[in-house]
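What follows is each chain in one-letter form.
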Amino acid sequence: MKIFHSINEFHSDKKTIVTIGTFDGVHLGHAAILKKLTQNTQNETFESTVLTFFPHPRMVLQGKSDLKLLNTINEKIELLEKIGIDNLIIHPFDEKFAELNAEAFVSTILVDHLLVQKIIIGYDHRFGKNRTANIDDLISFGAQYGFEVEQISAQEIDEISISSTKIRTALEEGDIQLANEYLGYSYFLSGTVVKGKQLGRTIGFPTANISLEEDYKLVPQNGVYVVQAEIDCKTIYGMMNIGFNPTVQGKQKTIEVHFFDFEADIYNRKIQVAILQRIRSEKKFKSIELLTKQLDEDRSFSRNYLQNLENK
């Protein structure tokens, strides 16, 4: 997959089949569109091209937006690459770009820059200044400029119309199973392993503290989760705590993973942690002994969950 960091960087000798969107999460609803995109370019006459934007338009248009995203840019690239897209254009979204009217967007970007042969788009797509243009306008522009428009209906995407907003809500409420169902994969966090207070090792539960790649990444509701990671080409399982460690008077929110049957030094390593199941909410215990007892129970829960998962 070729990656371009603006529309002006893009170049191709072939005409393109294009889809446009923020694609936050690259979830099952997005997958329905992206599958059609790759199917349209299987004969290699055209190139599949995804046009996306960063920052997220809401972050620009709503000022100091507190919007958290399901993917960092690097995570989105990784997910799209697995689908087999030819070209990914990550165009900088700013106030100047937001002022571009619908026809200028179509003529200068889709037609002149991307050499669009066909555009595949969701049923509710809106574009142009103030998002005033809709699918009917796009079809009219297609007739005018000589490209096809294929619309994906809500029914084709999913009967419940999966959205990034629904997934964000599920994660904020701690419903990791629903979020993963909508995503079509296990939600994951990417970051670097950094040194913490190292209190866990004193009670037999050493942890890897994860410093996230980007601060706009959505972190699920505080609590304890069953997780997995790929380290040195091996699948490692464990349990993760997101929160403030109230039993030991923690003052900062941390993401800490206790890996099972794993002792390697991974400080300063970049890892991805996939979240499989929620165990419980974060809780303050009256003593370290009670905390340790609960952690033993959490580990037993996790191992039972993983065993059942393996037997399915």
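Each value, and the rule that gives it
Residues numbered from 1 in each chain as written. Predicted model: local features only at pLDDT ≥ 70, side-chain atom pairs only at ≥ 80, totals over all residues. Heavy atoms only, no water. Pairing = 2+ DSSP bridges. Helix = DSSP H or I, 4+ residues; strand = E, 2+ residues; numbered from the N terminus. Axes fitted to C-alpha atoms, helices over the stretch in contact; angles between N-to-C directions. Contact = heavy atoms within 4.5 Å. Buried < 20%, exposed > 50% of the residue type's maximum accessible area, 1.4 Å probe, protein only. Arc of directions from axis to C-beta. Polar contact = N/O pair within 3.5 Å; in protein donor to acceptor, adjacent residues only side chain to side chain. Salt bridge = Lys/Arg side-chain N within 4 Å of Asp/Glu carboxyl O. Right-handed = clockwise from strand over helix to strand, strands pointing away. Parallel < 35°, antiparallel > 145°, perpendicular 65-115°, else oblique. Left-handed = near helix turned anticlockwise from the far one by under 90°. Nonpolar A, V, L, I, M, F, W, Y, C, P; charged D, E, K, R; others polar. Patch = residues over 30% accessible without salt bridge, like charges linked within 9 Å, V, L, I, M, F, W, Y side chains within 5 Å. Areas by Shrake-Rupley, 256 points an atom, 1.4 Å probe, with all protein chains shown as cover. Lys, Arg positive; Asp, Glu negative; His and termini not counted. Charge placed at Lys NZ, Arg CZ, Asp CG, Glu CD. Phe/Tyr/Trp six-rings, centres within 6.5 Å; stacked < 30°, edge-to-face > 60°. Lys NZ or Arg CZ within 6 Å of the ring centre and 35° of its normal.

Draft legend 1. Region of interest: the sheet that holds strand β10 (residues 234–243). What the 6 strands build is a closed barrel, ordered β7-β8-β11-β10-β9-β12; its pairing is antiparallel. For this sheet, the mean angle separating the axes of adjacent strands, direction not counted, is 45°. As defined by bridge partners, β10 adjoins strand β11 (residues 254–259) across 6 bridges and the pair is classed as antiparallel. Looking across to β11, one finds that M239 is bridged to H258. Docked against the sheet, helix α9 (residues 176–183) engages β9 (223–231) and β12 (270–280), running at close to 125° with respect to β12.

Draft legend 2. Spotlight on the side chain of N241. Within the element layout of this structure, N241 appears in strand β10. The residues contacting N241, other than those within four sequence positions of it, are G223, V224, T254, I255, E256 and E282.

Draft legend 3. A look at the pairing of β9. A large share of β9 lies buried, amounting to 7 of its 9 residues. Bridge count between β9 and β10: 9 bridges; the pairing is antiparallel. Looking at β10, one finds that I231 is bridged to K234. Where β9 hands over to β10, the hairpin turn is made up of 2 residues, of which D232 adopts a positive phi near 50°. Where β9 and β12 come together, 6 bridges link them in antiparallel fashion. Among the inter-strand pairings, V226 is bridged to a residue of β12, identified as Q277.

Draft legend 4. Molecular detail of helix α6 (residues 135–145). Restricting attention to buried positions, one finds in α6 the residues I135, L138, F141 and G142. Seen from one end, α6 has its buried residues packed into an arc of 115°, which puts them on one side. Of the residues in α6, the exposed ones pointing more than 90 degrees away from the buried face are A143 and Q144. In this fold, the buried residues of α6 make contact with α5 (102–113), β5 (116–122) and β6 (148–152). Two to three positions downstream of the cap, the backbone nitrogen of D136 sits 3.0 Å from a side-chain oxygen, assigning the N-cap of α6 to N134. At the exit of α6 stands G146, carrying a positive phi of roughly 85°.

Draft legend 5. Quick peek at helix α8 (residues 164–172). Along α8, the residues that are buried comprise S164, I167, R168, A170 and L171. Viewed along the axis of α8, the buried residues span an arc of 160°, placing them on a single side of the element. G174 lies just past α8 and shows a positive phi near 80°.

Draft legend 6. Looking closely at the pattern of salt bridges. Following the criterion strictly, the structure yields 11 salt bridges and no others. With its nearest N and O atoms 3.9 Å apart, the salt bridge here joins K82 to E78. A residue pair is termed a helical-turn pair when its members lie 3 or 4 positions apart in one helix, as K82 and E78 do in helix α3 (residues 73–83) at 4 residues. On the basis of relative accessibility, which here comes to 63%, the residue K82 falls in the exposed class. We classify E78 as partly exposed; its relative accessible area is 28%.

Draft legend 7. Structural view of the pairing of β6. Alignment of β5 against β6, held across 5 bridges, turns out to be parallel. If you follow G122 over to β6, its bridge partner there is I152. Traced from β5 through α6 to β6, the parallel crossover comes out right-handed.

Draft legend 8. Looking closely at the packing of α8 against α9. Remark: α8 packs on α9, axes separated minimally by 7 Å, with the N-to-C direction vectors making an angle of 155°. One finds that α8 runs roughly antiparallel with respect to α9. The way α8 lies across α9 gives a crossing that is left-handed. On the side of α8, the interface is formed by K166, I167, A170 and L171, while α9 contributes I176, L178, A179, Y182 and L183. Its residues assigned to classes, the contact of α8 with α9 shows 8 nonpolar, no polar and 1 charged.

Draft legend 9. A look at a negative patch on the surface. A cluster of acidic residues, D66, E172, E173, D175 and E181, forms a negative patch at the surface. Note that E181 resides in helix α9. What makes E181 exposed here is its relative accessible area of 55%.

Draft legend 10. Expanded view of the packing of aromatic side chains. Throughout the structure, instances matching the rule amount to 9 aromatic pairs. Ring geometry for F54 versus Y216: centroids 5.4 Å apart, planes at 50°, classification tilted. With F54 in strand β3 (residues 47–54) and Y216 in the loop between β8 (208–212) and β9, the pair connects residues that are 162 residues apart, well separated along the chain. Given the relative accessible area of 27%, F54 is considered partly exposed. Between the aromatic rings of F105 and F127, the centroid separation amounts to 6.1 Å while the plane-to-plane angle is 45°, which identifies the pairing as tilted. A residue pair is termed long-range when its members are at least 10 positions apart, and F105 in helix α5 and F127 in the loop between β5 and α6 qualify at 22 residues. When its relative accessible area of 6% is taken as the criterion, F105 is described as buried. Taking relative accessible area as the criterion, F127 reaches 6% and is therefore assigned buried. Put simply, the rings of F53, F93, F97, F105 and F127 pair up and form one aromatic cluster. In this arrangement the basic side chain of K217 is found over the ring face of F188, its NZ or CZ atom lying 5.2 Å from the centre. The aromatic ring of F260 is capped on one face by R303, whose charged end is 4.7 Å from the ring centroid.

The values reported here are purely geometric and, on their own, carry no functional implication.
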